[in-house]
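# Commentary on secondary and tertiary structure
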There are 2 protein chains.
Amino acid sequence: MERARAARPRLREDRVTLAHGAGGKATRTLVEAVFREAFGNPLLDRLDDSAVFPVDGAAGPALAFTTDASVVSPLFFPGGDIGDLAVNGTVNDLAVAGATPLHLSAAFILEEGFPVADLRRITASMRRAAGEAGVGIVAGDTKVVERGKADGCYITTSGVGVVESAPSGEVLPGDSVLVTGPIGEHGVTVMLARGDLGIEAGVASDTAPLNGLIADLRAACPGAVRRMRDATRGGVATVLNELAVDAGVAVALDEDAVPVGPAVRGACELLGLDPLYVACEGRAVIVVSGEAEAAALAALRAHPLGAGAAVIGRVEEEPPGLVLLKTSFGGTRVVDVLVGDPLPRIC
Amino acid sequence: MERARAARPRLREDRVTLAHGAGGKATRTLVEAVFREAFGNPLLDRLDDSAVFPVDGAAGPALAFTTDASVVSPLFFPGGDIGDLAVNGTVNDLAVAGATPLHLSAAFILEEGFPVADLRRITASMRRAAGEAGVGIVAGDTKVVERGKADGCYITTSGVGVVESAPSGEVLPGDSVLVTGPIGEHGVTVMLARGDLGIEAGVASDTAPLNGLIADLRAACPGAVRRMRDATRGGVATVLNELAVDAGVAVALDEDAVPVGPAVRGACELLGLDPLYVACEGRAVIVVSGEAEAAALAALRAHPLGAGAAVIGRVEEEPPGLVLLKTSFGGTRVVDVLVGDPLPRIC
């Protein structure tokens, strides 16, 4: 924490740019320089996906609490829509905190003229996603803004969950880094769904609720889970960079071990994107103790949402704060944090 | 509940209109026909300001959970801005559920090009408001959309609180209806701040956190509080109509007893508005047992935010579901629910 404070970055821009919303370096700077500067408190300072706090003194259960604004464009895409994306995003933020999601809220900002049929389609999708995750949508709000003051529909979901078994948080050399399935499918799908590129890749979003998968993992290797994050904006690379800096360790990735489907690989090559930076909405990056690697991998693969899980790397001591990739060609390169915004409004 | 289900209204419009966001009849129809239809569950079905549920079995404390999207225009107005409005709105939703607000989250949707200085001003205002209410902002999210896809800044706040002493919920003939201060100041302020009307009224928003005031009230007349609502969109008239329908009682208001400041009265006369329908953001409508009326009024008036509190009416048996106003001229008229949207984007 002291280290993080000392390194608090300065915001150079006078105006908000799309990169400030991309989940990478600019987002981190905005959060540190504006939001943490204003709101700073021990819970927020952790900058985790969820805030975790007791509700009834030390004896009671700890609660996890999280929020996500969803502004994905287009609203409907292969494999999902803004509705299930919003629900799954919040469910997953709770799940990676080791919490069982309890209840969600949903606040809608609608543009005047938005088709009611689309709203019904979105809410039906939210209901299905919530049902799959075993949560209810128990509170809501709806605002309408004039034509041209929104883009159809924005949804902010928040969620509370009961922490069953929080990841230990400490990350040690020798720990294993896993991903729960092929990466980049959501980001590539949304980008292609915009239609500007004229590419058909037959790929669908990976949007899914991970709470069941993670509960199975926790049961299979109790006490061995160090950290979990869902790899949304900024992708696996951004999650691992934050982890490396935060824990003061290195992460050594093996390029050949990172699961990337052929359609995502092809689309990324055409578009000059690195799949490591492309958002997933149903994949988590999980660090477990080295000894628990096999048990963790087996538990993940035994679940339908973890069938493509893989060990993608290992935690090392040096150089602290860096993510290194051993490439297919035998070289090694630094995987830096995302700069700029190759894919705006991906979630 | 059976009655409410039977009466579930049908949505006739194919497209969302500004009235659907105004908090009146159209909003209620949209909520019933789309959101409750899709998400329906016992917690949401109550359609209260907060959902209330246990977190640790029946023995543990009950938690209140609520969400608000803030799209007020302009972002800054006399007496406040979108930041403290968002924080106070969520704090007040928890407070009227009888909860002590614990933690808030804040999700920002920013338009590309939004001045960072404005964002700093808003977050500073949120910090002050959160400090006043004794809560922290512990989780957040930030998204950025392209120019022309938002209107500067939208904020969705959610909050959790521990229910200390929930209102009893039952409303009986003979109960007293109080309001915690002069009504309509927020709505009139925001409308005049838009500047289209060329009216200067010297009025400021009433935005304020009501948790302290309500805690004092609870302490002064334990067990006597029947219902509380903050009178936001749709104003006091809408809150009382929902209460009358929901509880199957009549509410008899005394026009001369309703506190309306001279600036609000003057502006409403000029604009053809009824102050009973104009939004407040720091006023609650409170129903207490008739015997507790004097103690409740004294407790409210003893607090700086309740100095202008007043008894405005009484609960009666007949005609159920209606709000009746005894006018200054000695007549009686029905105060119906808000139809249309006289004041879009007031919060």
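What counts and how
- Residues numbered from 1 in each chain as written.
- Chains lettered and ligands numbered in written order.
- Predicted model: local features only at pLDDT ≥ 70, side-chain atom pairs only at ≥ 80, totals over all residues.
- Heavy atoms only, no water.
- Helix = DSSP H or I, 4+ residues; strand = E, 2+ residues; numbered from the N terminus.
- Expected span 1.5 Å × (residues − 1).
- Bend = angle between axes of the 7 residues up to and from the residue.
- Buried < 20%, exposed > 50% of the residue type's maximum accessible area, 1.4 Å probe, protein only.
- Pairing = 2+ DSSP bridges.
- Arc of directions from axis to C-beta.
- Contact = heavy atoms within 4.5 Å.
- Phe/Tyr/Trp six-rings, centres within 6.5 Å; stacked < 30°, edge-to-face > 60°.
- Core = buried A, V, L, I, M, F, W, Y, C linked by side-chain atoms within 4.5 Å.
- Domains from an automatic or database assignment.

### As for helix α2 (residues 25-39) of chain B
Residue and element names in this part refer to chain B.
- Its 15 residues give α2 an end-to-end C-alpha distance of 20 Å, which sits within 8% of 21 Å, the value for a rise of 1.5 Å per residue.
- Residue valine 31 marks the point of greatest curvature in α2, where the axis turns by about 35°.
- Summarising burial for α2: 11 of the 15 residues are buried, a large majority.

### Regarding the pairing of strand β12 (residues 310-316) of chain B
Residue and element names in this part refer to chain B.
- Two strands pair when backbone bridges link them, and strand β8 (residues 176-179) and β12 are joined in this way by 4 bridges, in the antiparallel orientation. Residue pairing in the sheet places leucine 178 in a bridge with valine 311 of β12.
- In terms of strand pairing, strand β10 (residues 250-254) meets β12 through 4 bridges, oriented antiparallel. Looking at β12, one finds that alanine 250 is bridged to glutamate 316.

### Comments concerning helix α9 (residues 262-271) of chain B
Residue and element names in this part refer to chain B.
- Residues Val264, Ala267 and Cys268 constitute the buried set of α9. Within α9, the buried residues cover an arc of 100° as seen down the axis, which keeps them to one side. Facing away from the buried side of α9, by more than 90 degrees, are the exposed residues Pro262, Glu269 and Leu270.
- Looking at the packing, one finds that the buried side of α9 touches α6 (185-193).
- Glycine 272 occupies a position one or two residues after α9 and carries a positive phi of about 70°.

### Some details on unusual backbone geometry
Residue and element names in this part refer to chain A.
- Residue proline 319 follows glutamate 318 across a cis peptide bond; omega there is -10°.
- In this structure, proline 319 sits in the loop between β12 (310-316) and β13 (323-326).
- Within the chain, arginine 345 stands out as a residue other than glycine whose phi angle is a positive 55°.
- Its place among the elements puts arginine 345 in the segment after β14 (332-334).

### Some points on the packing of aromatic side chains
All names here are of chain B.
- In the structure shown here, the tally under the stated rule is 7 aromatic pairs over all chains.
- Taking 6.2 Å as the distance between ring centres and 35° as the angle between the ring planes, the aromatic pair formed by phenylalanine 35 and phenylalanine 39 counts as tilted. With a gap of 4 residues between them, phenylalanine 35 and phenylalanine 39 both fall in helix α2, about one helical turn apart.
- Residue class for phenylalanine 35 comes out buried when judged on its relative accessible area of 6%.
- Here phenylalanine 39 falls in the buried class, since its relative accessible area comes to 7%.

### Quick notes on the nonpolar core
- Grouped together as the largest cluster of nonpolar side chains are 80 residues, with contacts concentrated most on B:Phe108, B:Leu110, B:Met126, B:Val236, B:Leu240, B:Leu276 and B:Ile312.
- Of the residues that make up this core, three or more belong to each of domain 1 (48-163) and domain 2 (176-334) of chain B.
- Membership of the second largest hydrophobic core comes to 79 residues, among which are A:Leu119, A:Val203, A:Val236 and A:Cys268.

### Considering the environment of A:Val171
Residues and elements named next belong to chain A.
- With respect to the helices and strands, the residue valine 171 is situated in the loop between β7 (153-163) and β8 (176-179).
- What makes valine 171 buried here is its relative accessible area of 7%.
- Each C-alpha atom of the pair valine 171 and alanine 244 lies 8.9 Å from the other, and the pair is 73 residues apart in sequence.
- Apart from the residues lying within four places of it in its own chain, the contact partners of valine 171 are Arg226, Arg227, Leu243, Ala247, Val249, Val287 and Val315.

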